[in-house]
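# Commentary on secondary and tertiary structure
Here is what each chain is made of, one letter per residue.
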Amino acid sequence: MVHPLLFLEFFRKLLAPLHLPDASADAIIYTWFVILLLLVLSILATKAVKEIPGGLQNFMEVVIGGIENMIVETMGEHGRPSFR
């Protein structure tokens, strides 16, 4: 049986010259994965933007709204322009 995190080994080898601890390398890999996932989902959601959202557009509006709320709660209202 293949271990579900086997793909991490490939990226750990790419990051090996940086001499990072495994936990840091894993955090970087997962961050890149989430960035890539959000980018792909955003591109797909904006292909057919509708005034009344449905499906993927609705999901991405919730995700983006959540990220914006997190930034405003952390940085205050002056953090809102850095999000846009």
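The coordinates are above.
First things first, this report covers the structure right here in the doc. (Residues numbered from 1 in each chain as written. Predicted model: local features only at pLDDT ≥ 70, side-chain atom pairs only at ≥ 80, totals over all residues. Heavy atoms only, no water.)

## Some points on the overall build of the protein chain
What the protein chain contains, in helices and strands, is four helices and zero strands. Start at the N end of the protein chain and walk to the C end: the helices and strands fall as α-α-α-α. Taken over the C-alpha trace, the protein chain has a radius of gyration of 17 Å; the compact-globule value for 84 residues is 12 Å, which it surpasses by more than 25%. For the protein chain, the proportion of its 84 residues judged to be buried stands at 15%. For the protein chain, the exposed area adds up to about 6800 Å²; of that, 70% sits on carbon and sulfur atoms. Once the 6 positive and 8 negative side-chain charges of the protein chain are each reduced to a mean point, those two points are 8 Å apart. (Helix = DSSP H or I, 4+ residues; strand = E, 2+ residues; numbered from the N terminus. Rg over C-alpha atoms; globule rule 2.2 N^0.38 Å. Buried < 20%, exposed > 50% of the residue type's maximum accessible area, 1.4 Å probe, protein only. Areas by Shrake-Rupley, 256 points an atom, 1.4 Å probe, with all protein chains shown as cover. Lys, Arg positive; Asp, Glu negative; His and termini not counted. Charge placed at Lys NZ, Arg CZ, Asp CG, Glu CD.)

## Notes on the side chain of Gln57
Checked against the element boundaries, Gln57 lands in helix α3 (residues 56-75). The exposure class of Gln57 is buried, given its relative accessible area of 10%. Aside from chain neighbours lying at most four places away, what touches Gln57 is Ala45, Ala48, Val49 and Lys50. (Contact = heavy atoms within 4.5 Å.)

## Examining the pattern of salt bridges
Taken as a whole and judged by the stated rule, the model has two salt bridges. Here Arg80 ties to Glu68 by a salt bridge, and the two come within 2.8 Å at their closest N and O atoms. One end of the pair, Arg80, is in helix α4 (residues 80-83); the other, Glu68, is in helix α3, and 12 residues separate them in sequence. Here Glu77 ties to Arg80 by a salt bridge, and the two come within 3.1 Å at their closest N and O atoms. The class for Glu77 is exposed, based on a relative accessible area of 52%. Taking relative accessible area as the criterion, Arg80 reaches 24% and is therefore assigned partly exposed. (Salt bridge = Lys/Arg side-chain N within 4 Å of Asp/Glu carboxyl O.)

## Section: a nonpolar patch on the surface
On the surface, Leu36, Leu39, Val40, Ile43, Leu44, Leu56 and Phe59 cluster together into a nonpolar patch covering about 620 Å² of accessible area. Residue assignment for the nonpolar patch shows that the elements contributing at least two residues are α2 (22-45) and α3. When residues in the nonpolar patch are grouped by element, the largest group, five residues, is from α2. Turning to its location among the elements, Ile43 is positioned in helix α2. (Patch = residues over 30% accessible without salt bridge, like charges linked within 9 Å, V, L, I, M, F, W, Y side chains within 5 Å.)

## Quick look at the environment of Leu44
Relative to the assigned elements, Leu44 resides in helix α2. With relative accessibility at 45%, the residue Leu44 sits in the partly exposed group. In this structure, the C-alpha to C-alpha distance between Leu44 and Arg12, residues 32 residues apart in sequence, is 29 Å.

On their own, these measurements won't tell you what the molecule is for.
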